[in-house]
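Analysis of the macromolecular model
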Amino acid sequence: MTLRELAARLECQLEGDGTIEVQHVASLEAAGPGALSFLANPKYASALASTRASAVIVGLEAPPAPCALLRTSNPYLAFARAVRAMAPPPPRPVGVHATAIVDPAAELGEGVAIGPYAVVGPGARIGARTVVHAHAYVEAGAVIGPDCELHPRVSVHAGSTLGARVVVKDGAVIGSPGFGFATRDDGTHEAIPQIGPVVIEDDVQVGANTCIDRPAVGETRVKAGTKIDNLVQIAHGVVVGRNAFLAAQVGVAGSTVLGDGVMAGGQVGITGHVTVGDRVKLSAKTGVTGNVPDDAFMSGYPSMENLEWRKAHAVVRKLPELRRQVLELARRVEALEKDRG
């Protein structure tokens with residue numbers, strides 16, 4: 001693809017020879033002739049001056065470089081679209097594989113693909129152009145919208161509804177029973193039936209081996225545009241707002257509400273029955289034990305404002321030296337008291 005064609009498709013300002021062709025993408029450091037790279041973070045600007053890439057996607061204020069430039073207000077987004085343009089995904093399959101088991105009472109929309117050994121139960125509804133890959137399981141009564149993709153070994157259980165363009169990665173489980181038990185008088189535990197629905201709205205992505213549980217009452221809901229990484233646990237009755245980002249190994253306990261645009265780093269844990277406001281940022285390993293207001297940036301366990309946590313963490317590093325100083329002062333005080341006695 002020529003840079004002129006790419007710039008037009010990405011709506012970028014081209015600086016340089018538009019007839020240059022690019023065939024692949026690479027980092028600034030690893031790129032060579034024929035490669036397209038990008039610069040989105042200013043701290044990597046030094047690599048731009050020495051890159052051997054044929055072209056680089058940069059911001060509007062980026063400095064000149066020894067190659068062609070594609071300038072845009074959002075270089076990271078433009079790079080994502082460039083990758084898609086240069087390496088389009090393979091065509092989606094169509095039709096039901098001979099080894100798939102599709103109940104006669106299931107409803108399949110136009111252009112649906114059901115892969116090898118996949119199972120679709122009675123009363124399940126699968127929207128047009130959706131792909132159900134090998135060994136995936138759509139339980140009786142589950143509803144899958146149009147243009148979705150269920151990767152291998154995904155399970156979508158009864159009571160679950162997926163909107164349009166939902167992507168569920170390998171091994172994820174949608175609608176598994178929530179972790180709810182009542183304790184009997186003798187100390188043993190009795191499972192509480194989890195019969196509420198799980199609703200996954202449009203344009204959500206669910207990562208590999210993530211679990212989203214159905215509740216006993218109410219509903220579990222993930223709102224439109226949210227992206228969930230691998231190995232995330234969304235417990236029963238949780239509501240996740242629109243366009244949230246949940247990184248790997250995040251755990252959200254039951255009946256918690258996450259606002260729109262929440263960003264949670266890896267291994268964040270959020271206790272049950274709390275509300276995390278809109279646009280909240282939670283740095284990696286943060287433990288949330290109470291409500292968090294809109295636009296907060298929280299860190300640590302128990303969570304506190306990021307700036308306060310950084311100050312506290314700086315003190316923690318000095319604790320061994322502070323301890324030595326306190327012990328030395330205590331020794332001196334003890335010596336002075338002995339001299340006075």
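Structure report, in brief.

1. Description of the sheet that holds strand β27 (residues 233-234)
- Strand order in the open sheet made by the 10 strands is β7-β10-β13-β16-β19-β24-β27-β30-β33-β36, with parallel pairing throughout. At either end of the open sheet lies a strand with only one pairing partner, and these are β7 (101-102) and β36 (287-288).
- Sheet topology places strand β19 (residues 173-177) next to strand β24 (residues 211-214); 4 bridges connect them, and they run parallel. Bridging from a neighbouring strand, Ile174 pairs with Ile212 of β24.

2. Things to note about the pattern of salt bridges
- Applying the stated criterion across every chain, the model contains 14 salt bridges.
- As a salt-bridge pair, Arg184 and Glu190 come within 3.3 Å of each other at their nearest N and O atoms.
- Beyond isolated ion pairs, a larger network of salt bridges with shared partners links Glu201, Glu219 and Arg221.

3. A short note on the packing of helix α1 (residues 3-10) against helix α3 (residues 75-86)
- It is the contact of α1 with α3, at a shortest axis distance of 10 Å, that shows an interaxial angle of 125°. Put simply, α1 runs oblique to α3. In terms of crossing hand, the pair formed by α1 and α3 is right-handed. Facing Leu6, Arg9 and Leu10 of α1, the residues of α3 in contact are Ala78, Arg81, Ala82 and Ala85.
- Split into classes, the residues belonging to the contact of α1 with α3 amount to 5 nonpolar, no polar and 2 charged.

4. Looking at a nonpolar patch on the surface
- Judged by side-chain polarity, Val315, Val316, Leu319 and Leu322 come together as a nonpolar surface patch covering roughly 310 Å² of accessible area.
- Examined against the element boundaries, Leu322 turns out to sit in helix α5 (residues 319-340).

5. Regarding the sheet that holds strand β1 (residues 13-15)
- One open sheet accounts for 5 strands, arranged β1-β5-β4-β3-β2; its pairing is mixed. The open sheet has two free edges, formed respectively by β1 and β2 (24-25), since each of these has just one partner strand.
- Pairing between β1 and strand β5 (residues 68-71): 3 bridges, direction antiparallel. Residue Glu15 lies in a different strand from β5, and its bridge partner there is Leu69.
- The sheet contacts of α1 involve β1, β3 (35-38), β4 (55-58) and β5, and relative to β5 the element is tilted by about 10°.
- Packing against the sheet, α3 makes contact with β2, β3 and β4, and its axis sits at approximately 155° to β3.

6. Comments concerning the layout of surface pockets
- If you add up the space inside the largest pocket, you get close to 480 Å³.
- Contributing to the lining of the largest pocket are 14 residues, with Ala80, Arg81, Val83, Arg84 and Pro89 lying nearest its centre.
- Broken down by element, the lining of the largest pocket gets its largest block of residues, 7 residues, from α3.
- For the lining of the largest pocket, the per-class residue count stands at 9 nonpolar, 1 polar and 4 charged.

Conventions and cut-offs
Residues numbered from 1 in each chain as written. Predicted model: local features only at pLDDT ≥ 70, side-chain atom pairs only at ≥ 80, totals over all residues. Heavy atoms only, no water. Pairing = 2+ DSSP bridges. Helix = DSSP H or I, 4+ residues; strand = E, 2+ residues; numbered from the N terminus. Salt bridge = Lys/Arg side-chain N within 4 Å of Asp/Glu carboxyl O. Axes fitted to C-alpha atoms, helices over the stretch in contact; angles between N-to-C directions. Parallel < 35°, antiparallel > 145°, perpendicular 65-115°, else oblique. Left-handed = near helix turned anticlockwise from the far one by under 90°. Contact = heavy atoms within 4.5 Å. Nonpolar A, V, L, I, M, F, W, Y, C, P; charged D, E, K, R; others polar. Patch = residues over 30% accessible without salt bridge, like charges linked within 9 Å, V, L, I, M, F, W, Y side chains within 5 Å. Areas by Shrake-Rupley, 256 points an atom, 1.4 Å probe, with all protein chains shown as cover. 1 Å grid on protein atoms, 1.4 Å probe; cavity = no way out; pocket = protein on both sides within 12 Å on 5 of 7 lines; lining within 4 Å. Points joined across faces, edges and corners; volume = space filled by probe spheres on them.

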